[in-house]
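# Tertiary structure, described
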Amino acid sequence: MPIEKIIVLEDDALVRKSLEQQLRNRRYDVAGCGSIADAQEYLNKDNFDLIFCDVRLPDGDGTEFLKQVQTRPSKPLVIMMTGYGTVESAVACMKDGAFDYMLKPFSGEQIDVILKKAEEFTQLVKVNKFLTQDEGDENHYELLGRSPAMDQVRQLIRKVARTQATVLIHGESGTGKELVARAIYRESPRNNAPFIRVNCAAVPENLIESEFFGHEKGSFTGAVNKREGRFELAHGGTILLDEISEISPQVQAKLLRVLQERELERVGGSRTIKVDVRVIATTNRDLEQSVEKKEFRQDLYFRLNVVPMLVPPLRERREDILFLAEKFMHRFERKHGVKVGGMSAACRNALENHSWPGNVRELQNVLERGVILCADGEQLQSAHLGFSGASGIIVAQGTGNTASTGASASSSADGAEGVISLGDMEKNHIIQTLEKCAGNRTHAARKLGISIRTLRNKLNEYGLATKGEGDVEEAAE
Ligand SMILES: Nc1ncnc2c1ncn2[C@@H]1O[C@H](COP(=O)(O)OP(=O)(O)OP(=O)(O)O)[C@@H](O)[C@H]1O
Ligand SMILES: [Mg+2]
């Protein structure tokens, strides 16, 4: 319910009490007052969403009060209540910012109609405020790709979009999980309702609860005003919980309740708020492993994992590499106002043979940089791609075109005699394994069957210790 607190400003006690009662029956929080002074006192103490306002009042004119309300920072909607004699002034009030007016006496149905309108308006304003802070164009791109793997993803999107089921999207960083979530939303029957995203990894831990569920005025230091949480904003629509593995056990427990009961309380609040929200979550960690390690609640995992989806890494759908690269090249030509004369064969080769530990995001960045570095009208060359460091190495493909670290360049030079030293082979094998593990040394060591310390020593020995953009420190251990 976007509207919660209402003031009824009416000096006729009978009319006032009756309206108050009708609003309370509809579960609103109502303050009744018979004078402008009383109403002002309420407004100074608390935030209200809506005021029913009489025109003639003992200490002044309702129309004057309306004008004052318009100057408040969190201005409530005002509905003027008027008898036959004052219709004209009520209409004039619309010009001064009244939301609507009602003729006295009014029926319960008329109250319903006007409340519905006010609720919808308030929800729109709130969602709009949120969207204009948060959204960039980048996220509205369609999901491209022609690999069988992407076709499967698209098929699954179509199927789940029609349902209300909770979806958990797994995949490495940069594979397009957010894009998949947005595609589900776009194809769902809720696509006219809000799509609200929370990046759980970006919100500081002590604020995430209030970000999810909102807070009441004064519930903690800094909570100057009451605030709706993202679940409330998403009411009727879809919420995307990005990087869900990052939330604390305390918030996990509260999230479980929302998923089970579809209800919540704001931080510092006691009122239970019902929400109707479709939930999509993403993770680039293996949540099952987090459950085993007792970092993530199993019951919550089951609730989220109703429909699991996997977005495969780019290296496992190589058909998409050149296809996406061409699309991105044209996109960046337009963005930067340059014209590139296609791609050289060596450039295509380098793109296809790269391991893409950063997935589509990396491909996108490489193409943007390439288009910028390439002179107007010139062909895009492999040198424009700027591959370097362990994550960018393509080992012994025989093209001789690929950029590589000094260490492995010497190995391809040795190739003249057709013999690669054992040391070089080991080194290349380590590099490839690191690439496969997206630079994560803990995983790479496990795959190689050596200890992390041995791996570190070998990297030092080969002068690879600090190289590689994709390096992930052992924090994940
Ligand atoms: N199939 C695709 N077609 C077009 N663009 C894509 C595709 N997949 C990813 N992208 C683009 O790559 C970038 C990364 O995608 P996205 O943010 O959806 O990845 P992610 O899996 O959510 O990554 P992270 O785990 O790091 O949040 C975005 O700019 C997105 O537009
Ligand atoms: Mg993401």
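Residues numbered from 1 in each chain as written. Chains lettered and ligands numbered in written order. Predicted model: local features only at pLDDT ≥ 70, side-chain atom pairs only at ≥ 80, totals over all residues. Heavy atoms only, no water.

## Regarding the overall build of the chain
Broken down by element type, the chain carries 19 helices and 16 strands. In the chain, which comprises 477 residues, the share counted as buried stands at 49%. Within the chain, contacts between residues separated by at least 24 positions form 69% of all contacts whose residues are at least 6 apart in sequence. Put simply, the chain shows about 23400 Å² of open surface, and 50% of that area lies on carbon and sulfur atoms. (Helix = DSSP H or I, 4+ residues; strand = E, 2+ residues; numbered from the N terminus. Buried < 20%, exposed > 50% of the residue type's maximum accessible area, 1.4 Å probe, protein only. Contact = heavy atoms within 4.5 Å. Areas by Shrake-Rupley, 256 points an atom, 1.4 Å probe, with all protein chains shown as cover.)

## Regarding unusual backbone geometry
The omega torsion of the bond from K104 to P105 falls at -5°, within 30 degrees of zero and hence cis. Along the chain, P105 turns up in the loop between strand 7 (100-103) and helix 5 (108-134). Even without a glycine there, the phi angle at R27 is positive, about 70°. Within the fold, R27 resides in the loop between helix 1 (13-25) and strand 2 (29-33).

## Let's talk about the sheet that holds strand 3 (residues 50-54)
Here 5 strands make up an open sheet; going across it, the order is 2-1-3-6-7 and the pairing parallel. In the strand order of this sheet, the two ends are held by strand 2 and strand 7, each with one partner. Within this sheet the neighbouring strands show an average axis-to-axis angle of 20°, counted without direction. Judged from the 5 bridges that link them, strand 1 (residues 5-9) and strand 2 form a sheet pairing that is parallel. Residue pairing for strand 2: K5 is matched across the bridge by D29. (Pairing = 2+ DSSP bridges. Axes fitted to C-alpha atoms, helices over the stretch in contact; angles between N-to-C directions.)

## Some details on helix 1
Given a rise of 1.5 Å per residue, 13 residues ought to cover 18 Å, and the 18 Å separating the end C-alpha atoms of helix 1 matches this to within 8%. The complete set of buried residues in helix 1 reads R16, L19, E20 and L23. Angularly, the buried residues of helix 1 cover 105° about the axis, an arc narrow enough to put them on a single face. Facing away from the buried side of helix 1 by more than 90 degrees, the exposed set consists of L14, K17 and N25. Two or three places before L14, at the start of helix 1, stands the capping residue D12, its side-chain oxygen 3.0 Å from that residue's backbone nitrogen. Positioned one or two residues after helix 1, R27 has a phi angle of 70°, which is positive. (Expected span 1.5 Å × (residues − 1). Arc of directions from axis to C-beta. Polar contact = N/O pair within 3.5 Å; in protein donor to acceptor, adjacent residues only side chain to side chain.)

## A closer look at the state of the cysteines
Counted according to the given criterion, the structure contains 0 disulfides. Here C93 is not cross-linked by a disulfide; its sulfur's nearest cysteine counterpart is in C53, at 7.7 Å. (Disulfide = S-S within 2.5 Å.)

## Describing the site of ligand 1
Taken together, the neighbourhood of ligand 1 is formed by 19 residues, with L144, S173, G174, K177 and R361 sitting nearest. K177 has a polar side-chain atom sitting 2.7 Å from an oxygen atom of ligand 1. With respect to ligand 1, the backbone of L179 contributes an N or O atom lying 3.1 Å from an oxygen atom. Coverage of ligand 1 by the protein amounts to 92% of the 630 Å² it exposes when considered alone. Going through the elements one at a time, helix 7 (177-186), helix 13 (319-336) and helix 15 (359-373) are the ones with two or more residues in the shell around ligand 1. Among the domains, domain 2 (137-312) and domain 3 (318-476) are the pair contributing at least three residues each to the shell around ligand 1. (Near = heavy atom within 4 Å. Domains from an automatic or database assignment.)

## What about the environment of F213?
Residue position: F213 is located in helix 8 (residues 205-213). Separated by 42 residues in the primary sequence, F213 and L255 have C-alpha atoms spaced 9.2 Å apart. Not counting residues within four places of it along the chain, the set of residues in contact with F213 comprises G229, F231, E232, K254, L255, V258, L264, E265 and R266.

## Details of the pattern of salt bridges
The tally for this structure, following the rule as stated, stands at 32 salt bridges. Residues K274 and E263 are paired through a salt bridge, measuring 2.9 Å at the closest nitrogen-oxygen approach. Taken as a pair, K274 in strand 14 (residues 273-274) and E263 in strand 13 (residues 263-264) lie far apart in primary sequence, 11 residues in all. Residue K274 is classed as exposed on the basis of its relative accessible area, which comes to 53%. (Salt bridge = Lys/Arg side-chain N within 4 Å of Asp/Glu carboxyl O.)

Nothing here speaks to function; it is all geometry.
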